[in-house]
Amino acid sequence: MLKQHLQLKLGQKLAPQQIQLMKLIQLHTLEFEEELERELEENPALEIVKEETKEEDYSSLEDAYQDEGTDSIETDFDVDQYLYDDEPSYKTASSNYSPDDEEFDNESLLTEGQSLYDYLLEQIHLVNISEEDEKIAEYLIGNLDTDGYLRREIKSIVDDLAFSQGIYTTKEKVEDILENYVQKLDPPGVGARGLQECLLLQIEKKVSSDKAVSLAANILRHQFDALTNKHYNKIIQKYDIEEDDLKDALDEISKLSPKVGGNFDTQTITINQEIIPDFVIQVKDGQVIPMLNSKNAPTLRVSEEYKDILTTYSHDKNSSEHKQAALFIKQKLDAAKWYIDAINQRQNTLLQTITAIVKFQKEYFITGDEKSLKPMILKDIADITGFDISTISRVVKSKYADTPNGIIYLKDLFSDSLTNDDGEEVSTKEIKTHLQEVINKENKRKPLTDDALVVILKEQGYNIARRTIAKYREQLNIPVARLRKEL
């Protein structure tokens, strides 16, 4: 049985403008420029101001659209509701120029290059083999990854050849073509099924009676596990050699490439984009001055031409076509106004945020020493600016700043805190810096264990647990002591 009842709910809904503003805030400069260019193409009512002009008075648009004392344009739907329901195109741009902004080349760099796949195909087509064997070789080449490895099982390739190519062959035949044709191609090491095979294929191409090369090949073939685990004493005892002999062999191995496909583009066209800093931070006379890099966001205005057209069409009450045209133009003009407002809000949000960050980390920007970084979390900046934490997160996401000490990633300025023996709060980034310095200065023949690092940092005033040391070491991409050992 159906029942009716009243229910009261509290909820929040973001207006389309607010949603779009949040999207704009998290765009970095290059994405922002693309967004601006797309908006200019989509909305002819939006124009770039090439020269300084007086500020537009948008209030006159309403008068143009509907003069006081006249009837409004009749439509079958509510214009304002339509404008809010349809996704408005207020995307991004700004008018905050700084005379000190530097010029940045923001064009994408297009570099043409031959892919590994094409390079190998050219070679295999020059080899004198049967048509079926060539097709199998081509299929094997097509299954290589960007590093030049064959990661798939031979059995799976045999099945694929039968189903997709109509080539019925055996595992032994495919392995023979792989080892005798594909793996003989340039660059040496291509077609390997693992790191050991890749290095062996390269060392075997070195036709040499050199003792070091022969020993290196022997170690790779028979003592690969001991090599990867740096059990050097075991290798020395196994081959009854001197430490210097092992050093020479390791030098030869270090010249080999673990990723032979790395020198080739994965596509015929590779697009490289430069980092364009979103902020410029300068230090003058002990003062830190934050600015927006706004050269890529020109000043915008609402099109005068479109406002004139709207005025003309809105006075013609008899033509249905003119009514529809007037409605379309007003939508574009409103969208342009929303877009300009959103840009102004975006730039204001970015400027307030970077100003708060600079104020918080003033000493760091002056000295450039990471040890002077204060513990700082998103909430600290949110409290200063009055913005929501999610807004601050969007601002720092993918953003860079050009500082006197180089270009920095804003997120790197944020870190948690720990208390040292003096009761002072220190940034975890400062502790990681000390940890890196200690490891850099260690005796590589006897690297420091995590327990030893705990003792050393404790002597420096940082009382940290062993598991924390291990976590920081991993975040710094530093291997365990055993793998840091050198001869």
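Please refer to the structure higher up on the page.
Quick look at the structure, then. The structure displayed is predicted, hence computed values, not measured ones.

1. Considering the overall build of the protein
Part 1 of the argument: Looking only at helices and strands, the protein has 21 helices and 10 strands in total.
Part 2 of the argument: Counting only residues that meet the buried cut, the protein has 42% of its 487 residues in that class.
Part 3 of the argument: Partitioning the contacts of the protein with sequence separation of at least 6, the portion at a separation of at least 24 is 70%.
Part 4 of the argument: Taken as a whole, the protein presents about 28,500 Å² of accessible surface, with 46% of it coming from carbon and sulfur.

2. What about the layout of surface pockets?
Part 1 of the argument: Within this model, the second largest pocket holds a volume of roughly 220 Å³.
Part 2 of the argument: Lining the second largest pocket are Leu195, Leu199, Phe224, Leu227, Thr228, Tyr232, Leu250, Ile253, Ser254, Leu256 and Pro258.
Part 3 of the argument: Every element with two or more residues in the lining of the second largest pocket is listed here: helix H9 (195–204), helix H11 (224–228) and helix H13 (243–254).

3. A closer look at the pairing of strand S8 (residues 406–409)
Both faces of the sheet carry side chains from a regular strand, because those side chains alternate between them.
Part 1 of the argument: Where strand S7 (residues 400–403) meets S8, 4 bridges bridge the pair, whose relative direction is antiparallel. By the bridge assignment, Tyr400 is partnered in S8 with Tyr409.
Part 2 of the argument: Where S7 folds back on S8, the antiparallel hairpin that results is connected by 2 residues.

4. Some words on a negative patch on the surface
Part 1 of the argument: Together, Asp210, Asp240, Glu242, Asp244, Asp248 and Asp251 give the surface a local cluster of negative charge.
Part 2 of the argument: Along the polypeptide, Asp248 turns up in helix H13.

5. A look at the packing of H9 against helix H10 (residues 211–222)
Part 1 of the argument: Relative to each other, H9 and H10 sit at 160°, their axes nearing to 10 Å. By the angle class used here, H9 and H10 are roughly antiparallel. Crossing of H9 over H10 shows left-handed handedness. Contact residues: H9 offers Gln196, Leu199, Leu200, Ile203 and Glu204, while H10 offers Val213, Ala216, Ala217, Leu220 and Arg221.

6. Concerning the side chain of Glu252
Part 1 of the argument: Looking at the secondary structure, you find Glu252 in helix H13.
Part 2 of the argument: With residues near it in sequence (within four places) discarded, Glu252 still touches Lys206, Ala212, Val213 and Ala216.

7. Some remarks on unusual backbone geometry
Part 1 of the argument: Look at the link from Asp186 to Pro187: it is a cis peptide, with omega at 5°.
Part 2 of the argument: Secondary-structure assignment places Pro187 in the loop between helix H8 (171–180) and H9.
Part 3 of the argument: A positive phi angle is found at Asp240, which is not glycine, with a value near 50°.
Part 4 of the argument: Along the polypeptide, Asp240 turns up in the loop between helix H12 (232–239) and H13.

8. A closer look at the sheet that holds strand S5 (residues 287–292)
Part 1 of the argument: The strand order across the open sheet formed by 4 strands is S5-S4-S7-S8, and the pairing between neighbours is mixed. The open sheet is flanked by S5 and S8, the only strands paired with a single partner. In this sheet, neighbouring strand axes are inclined to one another by 25° on average, regardless of whether the strands run parallel or antiparallel.

9. Structural notes on the pattern of salt bridges
Part 1 of the argument: Taken as a whole and judged by the stated rule, the model has 21 salt bridges.
Part 2 of the argument: Between Glu35 and Arg38 there is a salt bridge; the shortest N-O distance is 2.2 Å. Here Glu35 and its partner Arg38 are both found in helix H2 (residues 29–42), 3 residues apart, which amounts to about one turn of the helix.
Part 3 of the argument: Linking Arg473 and Asp450 is a salt bridge whose minimum nitrogen-to-oxygen distance equals 3.0 Å.

10. Considering the nonpolar core
Part 1 of the argument: One finds Leu140 and Val174 to be the most contacted residues of the largest nonpolar core, which totals 27 residues.
Part 2 of the argument: Of all the secondary structure elements, the ones that give two or more residues to this core are helix H5 (116–124), helix H6 (131–142), helix H7 (154–165), H8 and H9.
Part 3 of the argument: The dominant element in this core, judged by the number of residues it contributes, is H6, at 5 residues.
Part 4 of the argument: Setting aside its immediate chain neighbours within four residues, Val174 contacts Ile136, Leu140, Ile154, Ile157, Val158, Leu161 and Thr169.

11. Digging into H12
Part 1 of the argument: Taken together, the buried positions of H12 are Tyr232, Ile235 and Ile236. Buried residues of H12, seen end-on, are gathered within an arc of 100° and therefore sit on one face of the element. When the buried face of H12 is taken as reference, the exposed residues oriented beyond 90 degrees from it are Gln237 and Lys238.
Part 2 of the argument: Residues of H12 that are buried in the fold lie against H10, H11 and H13.
Part 3 of the argument: At the exit of H12 stands Asp240, carrying a positive phi of roughly 50°.

What counts and what doesn't
- Residues numbered from 1 in each chain as written.
- Predicted model: local features only at pLDDT ≥ 70, side-chain atom pairs only at ≥ 80, totals over all residues.
- Heavy atoms only, no water.
- Helix = DSSP H or I, 4+ residues; strand = E, 2+ residues; numbered from the N terminus.
- Buried < 20%, exposed > 50% of the residue type's maximum accessible area, 1.4 Å probe, protein only.
- Contact = heavy atoms within 4.5 Å.
- Areas by Shrake-Rupley, 256 points an atom, 1.4 Å probe, with all protein chains shown as cover.
- 1 Å grid on protein atoms, 1.4 Å probe; cavity = no way out; pocket = protein on both sides within 12 Å on 5 of 7 lines; lining within 4 Å.
- Points joined across faces, edges and corners; volume = space filled by probe spheres on them.
- Pairing = 2+ DSSP bridges.
- Patch = residues over 30% accessible without salt bridge, like charges linked within 9 Å, V, L, I, M, F, W, Y side chains within 5 Å.
- Salt bridge = Lys/Arg side-chain N within 4 Å of Asp/Glu carboxyl O.
- Lys, Arg positive; Asp, Glu negative; His and termini not counted.
- Charge placed at Lys NZ, Arg CZ, Asp CG, Glu CD.
- Axes fitted to C-alpha atoms, helices over the stretch in contact; angles between N-to-C directions.
- Parallel < 35°, antiparallel > 145°, perpendicular 65-115°, else oblique.
- Left-handed = near helix turned anticlockwise from the far one by under 90°.
- Core = buried A, V, L, I, M, F, W, Y, C linked by side-chain atoms within 4.5 Å.
- Arc of directions from axis to C-beta.

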